[in-house]
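# Examination of the molecular architecture
These are the residues of each chain, in order.
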Amino acid sequence: MWKQILLLSLTSLLVSQAPLSKETKTEELPVNVELRFEPSLHRVDEKVIKLIGEAQQQTLRQLAEAAVISDFCSNVNLDQNAFKKSFETLTTSIPKQSNPDLQRDLENKLMTYFGMYVGLLVAEGTDRHPEFCELAARLQTEKRPLSRYWLPTNHSPVNP
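Note that the coordinates shown come from a computational prediction; the quantities given were computed from them, not determined experimentally. (Residues numbered from 1 in each chain as written. Predicted model: local features only at pLDDT ≥ 70, side-chain atom pairs only at ≥ 80, totals over all residues. Heavy atoms only, no water.)

### With respect to the overall build of the protein chain
Regarding its fold elements, the protein chain presents six helices and zero strands. Listing the helices and strands of the protein chain from first to last along the sequence gives α-α-α-α-α-α. Counting over 160 residues, the protein chain shows a buried share of 45%. Looking at the protein chain alone, contacts between residues at least 24 apart form 76% of all its contacts between residues at least 6 apart. When the accessible area of the protein chain is evaluated, it comes to approximately 9200 Å², of which 54% is carbon and sulfur surface. (Helix = DSSP H or I, 4+ residues; strand = E, 2+ residues; numbered from the N terminus. Buried < 20%, exposed > 50% of the residue type's maximum accessible area, 1.4 Å probe, protein only. Contact = heavy atoms within 4.5 Å. Areas by Shrake-Rupley, 256 points an atom, 1.4 Å probe, with all protein chains shown as cover.)

### Structural notes on the packing of helix 2 (residues 38-52) against helix 5 (residues 100-127)
Between helix 2 and helix 5, whose axes approach to 10 Å, the crossing angle comes to 160°. Accordingly, the angle class assigned to the pair helix 2 and helix 5 is roughly antiparallel. Crossing angle aside, the handedness with which helix 2 passes helix 5 is left-handed. In this structure, helix 2 uses Ser40, Leu41, Val44, Asp45, Lys47, Val48, Leu51 and Ile52 to contact helix 5, whose residues at the interface are Leu106, Lys109, Leu110, Tyr113, Met116, Tyr117, Leu120 and Leu121. Taken together, the residues of the contact of helix 2 with helix 5 break down into 12 nonpolar, one polar and three charged. (Axes fitted to C-alpha atoms, helices over the stretch in contact; angles between N-to-C directions. Parallel < 35°, antiparallel > 145°, perpendicular 65-115°, else oblique. Left-handed = near helix turned anticlockwise from the far one by under 90°. Nonpolar A, V, L, I, M, F, W, Y, C, P; charged D, E, K, R; others polar.)

### Observations regarding unusual backbone geometry
One non-glycine residue, lysine 143, adopts positive backbone phi at about 50°. Positionally, lysine 143 belongs in the segment after helix 6 (129-141).

### Notes on helix 2
Helix length check: helix 2, at 15 residues, gives a terminal C-alpha distance of 20 Å against a target of 21 Å (1.5 Å per residue), a fit within 8%. By the burial criterion, the buried members of helix 2 are Glu38, Ser40, Leu41, His42, Val44, Asp45, Glu46, Val48 and Ile52. Elements in contact with the buried residues of helix 2: helix 3 (54-72), helix 4 (80-93) and helix 5. A positive backbone phi angle near 100° is found at glycine 53, which sits one or two residues after helix 2. (Expected span 1.5 Å × (residues − 1).)

### Overview of the packing of aromatic side chains
Across all of its chains, the model carries five aromatic pairs by this definition. Judged by centre distance (6.5 Å) and plane angle (75°), the ring pair of phenylalanine 83 and tyrosine 149 falls under edge-to-face. Pair noted here: phenylalanine 83 is in helix 4 and tyrosine 149 is in the segment after helix 6, with a separation of 66 residues, a long-range link. Each member of the aromatic cluster is reached from another via a ring pair, and the members are Phe83, Phe87, Phe114 and Tyr149. (Phe/Tyr/Trp six-rings, centres within 6.5 Å; stacked < 30°, edge-to-face > 60°.)

### A word on the packing of helix 3 against helix 6
The N-to-C vectors of helix 3 and helix 6 enclose an angle of 115°; their axes lie 9 Å apart at closest approach. Overall, the two elements helix 3 and helix 6 adopt an arrangement that is roughly perpendicular. In the packing of helix 3 onto helix 6, the handedness of the crossing is left-handed. Packed against helix 3, whose contacting residues are Val68, Ile69 and Phe72, the element helix 6 presents His129, Phe132, Cys133, Leu135 and Ala136 at the interface. A class-by-class count of the residues in the contact of helix 3 with helix 6 yields seven nonpolar, one polar and no charged.

This is the structure in C-alpha cells:
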C-alpha cells in the first residue's frame, strides 16, 4: 500500500506545480525554511481542508512532516505510540459516512493525501537533508508541537 501511496504522491508532484490563489499556513516547517515544493503542498492543503477541515488538515500534514523528518534524521526517532494515537484520533474525529462505500472512499482519500504529503516532503528532504535535520533539532529543543511525535533525544527507539 505504501508503494501505491508513494507512486500517487510522486505523480501528484509532477502534475500539481501551479501556484495557489489562496495561501494556507501550517504551524511547523516554515521556521526559516523555504520549501521548494510549498506550492504543491499548499494545493494538497486546500484539498484536505475541503475534505476534513482545517484543524484535521494541519494534524495530517504534521503527521507526515514528523514521519519524514524522523526518517531523514538519525537523531530523531518517531514515537510510534504518539503517532498512531494522533492518527486514530484524527480518523475518529471525522464524521462517519452513512454509506460504507462513501466511508471507504473518504478513508482512501485521506490515506492518499497523507501519501502525497509524504512524497512531497521526501522530495524536499532529499535535496535538503542537513537543513531538515537542523530544523528537527531546533523543533525538539524548542519543544514545538511537531516534536510531540518524536521520542525525547535521550530515549532509545522502541522499534529501531
